[in-house]
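So you can see what is in the structure, the chains are spelled out below.
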Amino acid sequence: MNENLLAKIYLSIVFSGLGFLSLFLIFQFGIKKKNYINSKFQADKGQLIFRQNFPDNVMQGQKQSYYDQNMLALKIKFESGIRYLNLKNYKKALDNFKYCLKQWNKADTIGLIYLFNQLGYIYYELGKNSQAIYYFEASLNLTPDNVYILKNLANLYQEIGSLNQLKKIYQDLSKIAPQDEKTQQLEKYLKKRFENSE
């Protein structure tokens, strides 16, 4: 793809108001869903994804190297994934985020955590719980104390009735966020379920 076409595509995304604005909104407010499964990550770390993976010179007027062109293509795919996620077009969002995952800098754990969590959320929305669990757990492996991801897994395990996994997530949440509303709700839920099974 030539440089001018990539730049035009990028500018159309940015000027459509869906570029950085949609990324900002996702990080600030998250995408809420039934049972509180959400794609919110850590708002204060959101811009680090771009700083680590998208150098400032990618969009400046200078002649771009092959590396810069690839970074621009990755940035466009990433922003497209966010746009499609906001539009609830989960299949197109999935395609874009999977492309990003293949190309992403594997040393950028913050970006990977975000991508894994987004993929988990998308698979959840598509009704593919085993894939959702896979990506949520991949994200959790990189950040074991991330409350949002633990809650996503807890909600998913609760929905599918996986009590043993839910109990483990509850134990982790009770150490990290004992006063959190979800932790307290899980305590009551598990207590009730285990009392009924006796």
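Going by the structure above, here's the rest.
Here we summarise the structure given alongside this text. (Residues numbered from 1 in each chain as written. Predicted model: local features only at pLDDT ≥ 70, side-chain atom pairs only at ≥ 80, totals over all residues. Heavy atoms only, no water.)

Overview of the overall build of the protein chain
- Each helix and strand counted, the protein chain has 10 helices and zero strands in total.
- Sequence-ordered secondary structure for the protein chain, helices as α and strands as β, is α-α-α-α-α-α-α-α-α-α.
- For the protein chain, with 198 residues in total, the buried portion stands at 47%.
- Surface accessibility of the protein chain: about 10700 Å² in total, with carbon and sulfur atoms responsible for 51%. (Helix = DSSP H or I, 4+ residues; strand = E, 2+ residues; numbered from the N terminus. Buried < 20%, exposed > 50% of the residue type's maximum accessible area, 1.4 Å probe, protein only. Areas by Shrake-Rupley, 256 points an atom, 1.4 Å probe, with all protein chains shown as cover.)

Concerning the pattern of salt bridges
- Using the criterion set out here, one finds two salt bridges in the structure.
- A salt bridge links Asp 180 to Lys 151; its shortest N-O distance comes to 3.2 Å. Here Asp 180, found in the loop between helix H9 (163-176) and helix H10 (181-197), pairs with Lys 151, found in helix H8 (residues 147-160); they are 29 residues apart in sequence, far enough to count as distant. Per residue, the accessibility class of Asp 180 equals that of Lys 151, and both read buried.
- Residues Lys 168 and Asp 172 are paired through a salt bridge, measuring 3.2 Å at the closest nitrogen-oxygen approach. Of this pair, Lys 168 and Asp 172 both sit in helix H9, four residues apart, roughly one helical turn.
- Residue classification places Lys 168 among the partly exposed residues on the basis of a relative accessible area of 44%. (Salt bridge = Lys/Arg side-chain N within 4 Å of Asp/Glu carboxyl O.)

Quick word on the packing of helix H5 (residues 90-103) against helix H6 (residues 109-125)
- Where H5 meets H6, the axes come as close as 10 Å, and the angle between the chain directions of the two elements is 150 degrees. If you check the angle between H5 and H6, you find them roughly antiparallel. Seen from above, H5 lies across H6 with left-handed handedness. Across the interface between the two elements, Tyr 90, Ala 93, Leu 94, Phe 97, Lys 98, Cys 100 and Leu 101 of H5 pack against Leu 112, Tyr 114, Leu 115, Phe 116, Gln 118, Leu 119, Tyr 121, Ile 122, Tyr 123 and Glu 125 of H6.
- The class makeup of the residues in the contact of H5 with H6 is 14 nonpolar, one polar and two charged. (Axes fitted to C-alpha atoms, helices over the stretch in contact; angles between N-to-C directions. Parallel < 35°, antiparallel > 145°, perpendicular 65-115°, else oblique. Left-handed = near helix turned anticlockwise from the far one by under 90°. Contact = heavy atoms within 4.5 Å. Nonpolar A, V, L, I, M, F, W, Y, C, P; charged D, E, K, R; others polar.)

So, the packing of aromatic side chains
- For the structure on display, the rule yields seven aromatic pairs.
- With 5.6 Å between their ring centres and 45 degrees between their planes, Phe 78 and Tyr 114 make a pair best called tilted. Of the two residues, Phe 78 is situated in helix H4 (residues 66-86) and Tyr 114 in helix H6; the sequence distance between them amounts to 36 residues.
- By relative accessible area, which is 0% here, Phe 78 ends up buried.
- The buried category is assigned to Tyr 114, whose relative accessible area is 0%.
- Ring geometry for Tyr 123 versus Tyr 135: centroids 5.6 Å apart, planes at 5 degrees, classification stacked. (Phe/Tyr/Trp six-rings, centres within 6.5 Å; stacked < 30°, edge-to-face > 60°.)

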